[in-house]
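One letter stands for each residue in the lines below.
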Amino acid sequence: MNKNHRVPSNRSLSAVEVKSKFGAEFRRFSLDRSKPGRFDEFYGLLQHVHRIPNVELLVGYADVHGDLLPINNDDNYHKAISTASPLLRLFLQRKEEADYSTFGTDSLTRKKNTVLSAVLLRPDAARKKAPVIISLPRDFRPVSSIIDVDILPETHRRVRLYKHGQEKPLGFYIRDGSSVRVTPQGLEKVPGIFISRMVPGGLAESTGLLAVNDEVLEVNGIEVVGKSLDQVTDMMIANSHNLIITVKPANQRNNVVRSGGGGGGGGTASGSSGRSSDSGASYYGCSSQGGVGAAASMPTHIIQNFPVGDLDSDEDDEDLVIDARGEAEPIRRASSNYSMPSLPRYEPHLNLRAAASSTSALSINANGTLPASGSSGSLSNTNATLSTPSPDRATERRSLEEDGTVITL
Amino acid sequence: MKRFRRHGQESQRDRLKQELFQFNKTVEHGFPHQPSALSYSPSLQLLAIGTRSGAIKLYGAPGVEFMGLHDENAAVTQVHFLPHQVELVTLLDDNSLHMWTLKAHKGLSELLEIGRFTLTGPPGALPSVTRVTAVLAHSSGELLLLGTEGGHVFIVEVPGFRELEERNISLDQVASSVPDDYIGRRNLEHVEALQENPLNPNQVVIGYGRGLMVIWDMEKQCAIQHIPATQQLESVWWTEDAGYILSSHSDGSYCRWMVGVEDLNEEEEKSDIPYGHFPCKAISKIVQLPTEDGPPFLLFSGGMPRASYGDRHCITVIHGKTHVALDFTSRIIDFFVIRSGLQHTGDPSALVVLVEEELVVIDLQTDGWPVIQTPYLVPLHSSAITCSHHVSAIPIKLWERVIAAGDLQKTHYSKKPWPITGGRSLAPDPPQRDLLLTGHEDGTVRFWDASGVCLYPMYKLSTAGVFHTDADPNDNMNQGSEGEWPPFRKVGCFDPYSDDPRLGVQKIHLCKYSGYLTVAGTAGQILVLELNDEAADQIVEAKVVDLLQGQEGFRWKGHTRLDVREEPVQFPPGFQPFALVQCQPPAVVTALTLHSEWKLVAFGTSHGFGLYDYQQKSNILVKCTLNPSDQLAMEGPLSRVKSIKKSLRQSFRRIRRSRVSLRKHHVNNAAKLQEANARLEAELAEMELAPVQRKIEARSSDDSFTGLVRTLYFADTFLTDSSHNTPSLWAGTNGGCVFAYMLRLPPVEHRADEQVTAQPAKEIQLMHRAPVVGIVVLDGHGAPLPEPLEVAHDLARSPDMQGSHHLLVISEEQFKVFTLPKVSAKMKLKLTAVDGSRVRRVGVSWFGSSKSEEYGESGLVVLTNQGDVHVVSLPSVKMQVQYPCIRREDVSGIASCVFTKHGQGFYLISPSEFERFSLSTRFVVEPRCLVELPLQPGSAKRRIHSDGGSSTLRSTRLDSEDAEVLQEIQKSLEGDQTSFLENNVKNAVA
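Per an unreviewed UniProt entry, chain B goes by LLGL scribble cell polarity complex component 2 and derives from Xyrichtys novacula. Regarding chain B, the UniProt comment filed under Subcellular location (unreviewed entry) reads as follows: "Cytoplasm".

In the nomenclature of an unreviewed UniProt entry, chain A is known as Partitioning defective 6 homolog beta of Xyrichtys novacula. Recorded under Sequence similarities (unreviewed entry), the UniProt text for chain A is reproduced unchanged: "Belongs to the PAR6 family."

Written out as structure tokens, the structure is:
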């Protein structure tokens, strides 16, 4: 395969060699590059050559970077044809069995073992790559998520904000205040830290997960009890690249309500402004359908505690070292914040799901004000892994390294 | 990971930690903040000072010191030693009395509080009845007389604080015996003074605020004599021969009254307003002491003419023809006189004055009454401390030269030894000579011997002479001219006024091996000095370094550069400047380091940093670190304060203006106007009531002062390749940036003529962008690189250059170890992300084990903004121990902290006091002293008698039998009335 890829084709450049795979079957044919025709015709052709006239198909192709991208309209069909060099590799799936999570950047190559490419880091290649825009939710960079829903009391919410060097400010203020705790002796007033203000247009506001007067209970897994306002401020700033705040929302009506073993929890929480709760509810609704036993067979629904160590996104790799006498600017490891700001780095990792280390996170997409219906619908439909991008260093690095021009297919 | 660690290793490390680290606050150096009371025990030869914060401090011979703190947060208003005892009594302003004692325990004395007591009046009585205004510790050592605001005198048995009600002297008892013609027998007011007859302990004089003094016989419970002074009373003194009583008054007068003469009007032998004619201020205390052969000493405080010298703080000393008004720079708290002789009853030898900011001791036996240098209680803040620098283990040669230079500055001090000699210091000799250097606002650097318990001043360096300043250098010298009245003489060294704030010293670095010193100041000046044993004329050549490197669009809004004197300036022996760098813009120098082996000085400000070759007197490198968008960095320290004020003012003006303009627009619409007004009111209210809130935002490169250079470091290490080590310079900024330069030094024989060059080699931008506060290179063994010349002087093992070196970058938020030369992250320790505290001060220390002499390890000592000290291991950057040290609100205390190389530290607990602490088990400097009661014939006798007090009283009664007979006659005359009243009072008090 590699050879094929490298050796220039001796055929006419006007013809595009197509290798189509459906299940275990391959079909080879060619198309005219200059006259690709419309998607409908192409779709029909595929059904024809594979002899599956009545099967609804999901068509995907491998682009030059090894990403599995969908073909479902004229535009991306033409793109696929025009960029194929020389071989256009197609992957067909039954629509009802389709695994949407396979789509996306690096998705193909990651499936494969890429020991070779892991060795060859070529950041230049990554820079050349045009950002691929696909309207699947996961292709947006997550900016926030609710995590650990399973282990927290229902009255609490753990929110993760992804700063990731983007321009948008975190955008909130905290203050001292007092909250009431229930103790065996009765109600007790204790000092607490509260969100005092949201900056319009800031990350915190745009997520809709934090609100003024929410009490801050933890910062990145560390309780704030007994800490001064300044200490908590410093903790948040020190964690600002990957801030996880556990709050007790002032408005308790939109809480995620966990459904029991059999109950169809889908409809339980339906707050009017409950963007988060809606998607959360549907998510749990899915898992509960499978029942308790199904959990094992459906690794996507294994809900794990988010280990604190993992929360600790390691910014070590992101220190920028410049050899000032240097011939070039060798950037150590994945200092992508500086070198490749445009690269969408936060992709779902299949191998994470396989390792069952997926988290109970709900991604809210980069467009911020995600309408509840859209996201929850698509998420529950796809029945896909809702894994947040793991900050795990190794996988992140690998994802970058795989951007090299050498693709093992 | 932790789970899998073997238990044995853990406990072994824990044991080792206990052998290495131990936190103690050991001693307070300097002068207590806000002293409020003074006392002296001639028998113990101890001095006691109480403070407004409730501390009580005892000092004896150098090294003998004790400290106690009252639980109550109240000021100490009076301190009294019980005569011939090791106890002392303190009175706080909450009206509680406390008994302290010096208890010997395992051969060392400790100051302990052993009792407390508050006078309780009869139910329903005004609090003033029992509000203590005067305390007399009776010479029997067993009675305490307490004069109160209500005019009563309560008698209490000590040390147990047992009230002896039957002996109380009530106001009514006294008032009834006052002659009718004494200003119509008006209220006598509070008890102002209590004094015991020096010869007859049975008699006390009670001075009332109104002016009346009554001599009272405690045995017979009756008044013996009335002294009808008519001015408000300030103090009373009974002369040693018991023949006279001196009283001082609020109009600046003092009177001398003869004791034992019945005719009231004849008693006033002499009344004088020493600085009279015009109204004078009160004489607050008067003392007269006899001399063996000659006129007595008369000493009093205050009494200055109100209009012309009312602001002076003076003590007048008159001895024969000599009359001096000692003029202090701060308020007088109290004074006492030490007398010579074995029994301390001889001629006055020294006057000890406690003023608000220092302790001044004047030698009264040497002509001219020179000041005796104090070995402790030195006012560290004679000019405000702006920075400090500690150097451990000074070589003896440098030490002696500094002392020699300092001795030449001390010639005006008395040659007499320190007169307060109580107790014995049992502290072992300090293991090494340590130097603490403090930089001051007036441009001086003071050198202190910090080896032991006493922080002793060694030498003072002034940098002001290099520059033209507005002040006349002879300003301080103009003493009172001939014939001036009062005859003032300035004493004391507390001088808080700085000629020019730009002179302020901000950074100091001393190389103890070469004697090179560099001092940097507020106006971007960096002086390089060397120790010279001779006075010399020097022209200091100034080199201006432009740190902006031609960056456009910046205008410095702060102060100007200091003007350098171009003519040769004579410098006295000591450290003499020979090179000067002036930064442009002249911002305060924020980082400074010196490498004496390479003869280089690196300096940094908020705009950049530079490297200066002080051998060739040329600048080698300038790097501008200023962010082009950072305009705030161009404002001087003063204009910034102004701008905050200005912006506040403007915002208020804006509101006012908008309110005015609203009125204009909506004049015809009352409702709208009201609405607008209400909104504005609400806005204003919100501005005032808005809770303190903190913005949560990631640091960005656009923040202000990211270019401020926080730390500079020289290292001989593997900067560019792993086989050749080269000299290098490292700089860390406020924006989390580290710059590394490779230095090329010419061979030694060409050092004077070939250029030193610096090439940029590395630049590290920390992702978290927290300010870099420290940079250390660790050698192949993981030990910090030694100081320059340390190896050459055989005082340190040479660093391991075989193994790979590591770079440790300490930011305010975390500790991070990088490999060298590749600079890849290896280990780190997060601080802020975990507990919300930030690194404020950091140092490298060596800790020796208390168990085994050979074992020791280096560690980082860290002080956080929460006031905690931590020890972090090297090279593994693991948290070892943590102790709370400073209150987190005490920002200046935290900022002032310096660490020593052996696990000790100093920080300011007040502008005038350093607290010394130790983290090391091996290096602990703390007072260890013993105070024993000297065996005196008198006290021995008292000890023998079981009921000492009364028996002594009885024995002395025999001496004055004649007087008593007279009194008895008088008493029988008044008898009925007195006993009637007595009963009344008893009933009332009970």
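(A) Up close: the confidence of the model for chain B. Residues and elements named next belong to chain B. In this model, chain B carries an average pLDDT of 84, and 84% of its residues clear a pLDDT of 70 or more. Confidence drops under pLDDT 50 across residues 474-480; counting only partners more than four residues distant or on other chains, this segment forms three contacts. What the predictor reports for the complex is a pTM of 0.74 with an ipTM of 0.77.

(B) Inspection of the UniProt feature "domain: PB1" (unreviewed entry) in chain A at higher detail. Annotation from UniProt places "domain: PB1" (unreviewed entry) at residues 15-95 of chain A. Secondary structure across residues 15-95 of chain A comprises 26% helix and 42% strand; the distance between its end C-alpha atoms is 29 Å.

(C) Here's a closer look at the sheet that holds strand β64 (residues 913-920) of chain B. Residues and elements named next belong to chain B. Within the open sheet, the four strands sit side by side as β1-β64-β63-β62. Their pairing is antiparallel. The open sheet has two free edges, formed respectively by β1 (21-30) and β62 (898-899), since each of these has just one partner strand. Bridging between β1 and β64 involves seven bridges; their strand directions are antiparallel. Within the sheet, the bridge partner assigned to Phe-21 lies in β64 and is Ser-920.

(D) Region of interest: the UniProt feature "domain: Lethal giant larvae homologue" (unreviewed entry) in chain B. Here, the residues flagged by UniProt with the feature "domain: Lethal giant larvae homologue" (unreviewed entry) are residues 272-370 of chain B. Secondary structure across residues 272-370 of chain B comprises 4% helix and 56% strand; the distance between its end C-alpha atoms is 28 Å.

(E) Region of the structure containing the interface of chain A and chain B. In this complex, chain A contributes 44 residues to the contact, which on the side of chain B involves 40 residues. Between chain A and chain B the total buried area reaches about 3,600 Å² when both faces are included, carbon and sulfur atoms providing 52% of it. At the boundary of chain A and chain B, one finds three salt bridges. A salt bridge links Arg838(B) to Asp234(A); the shortest N-O distance between them is 3.4 Å. Within the residue set of the side of chain A that touches chain B, elements represented by two or more residues are β8 (172-183), β9 (186-198), α8 (229-238), β13 (320-323) and α12 (336-339) of chain A.

Cut-offs and rules
- Here the residue numbering is sequential within each chain, running from 1 through the sequence in written order.
- Ligands are numbered from 1 and chains lettered from A, in the order in which they are written.
- With pLDDT at 70 or above as the cut-off, local features in this predicted model cover only qualifying residues; side-chain atom pairs require 80 or more to be listed or tallied, and sums for whole chains, interfaces and linings still use all residues.
- Calculated side-chain values reflect all of the structure's heavy atoms, with hydrogen atoms and water omitted.
- UniProt positions are given in the numbering used here, feature names are shortened, and annotations may be inferred rather than shown by experiment.
- Looking at any residue, its pLDDT shows the predictor's confidence there, from 0 to 100.
- Working rule for contacts: check all heavy atoms of both residues, and any pair within 4.5 Å makes them a contact.
- Per the convention used, a helix needs a DSSP run of H or I reaching at least four residues, while a strand needs a run of E reaching at least two, with both numbered from the N terminus.
- Criterion used throughout: strands pair if DSSP finds at least two bridges between them.
- Once two parts are joined, some of their accessible surface, as seen by a 1.4 Å probe, is lost; buried area is that loss totalled over both.
- In the sections that follow, a salt bridge refers to a side-chain nitrogen of Lys or Arg positioned within 4 Å of a carboxyl oxygen of Asp or Glu.

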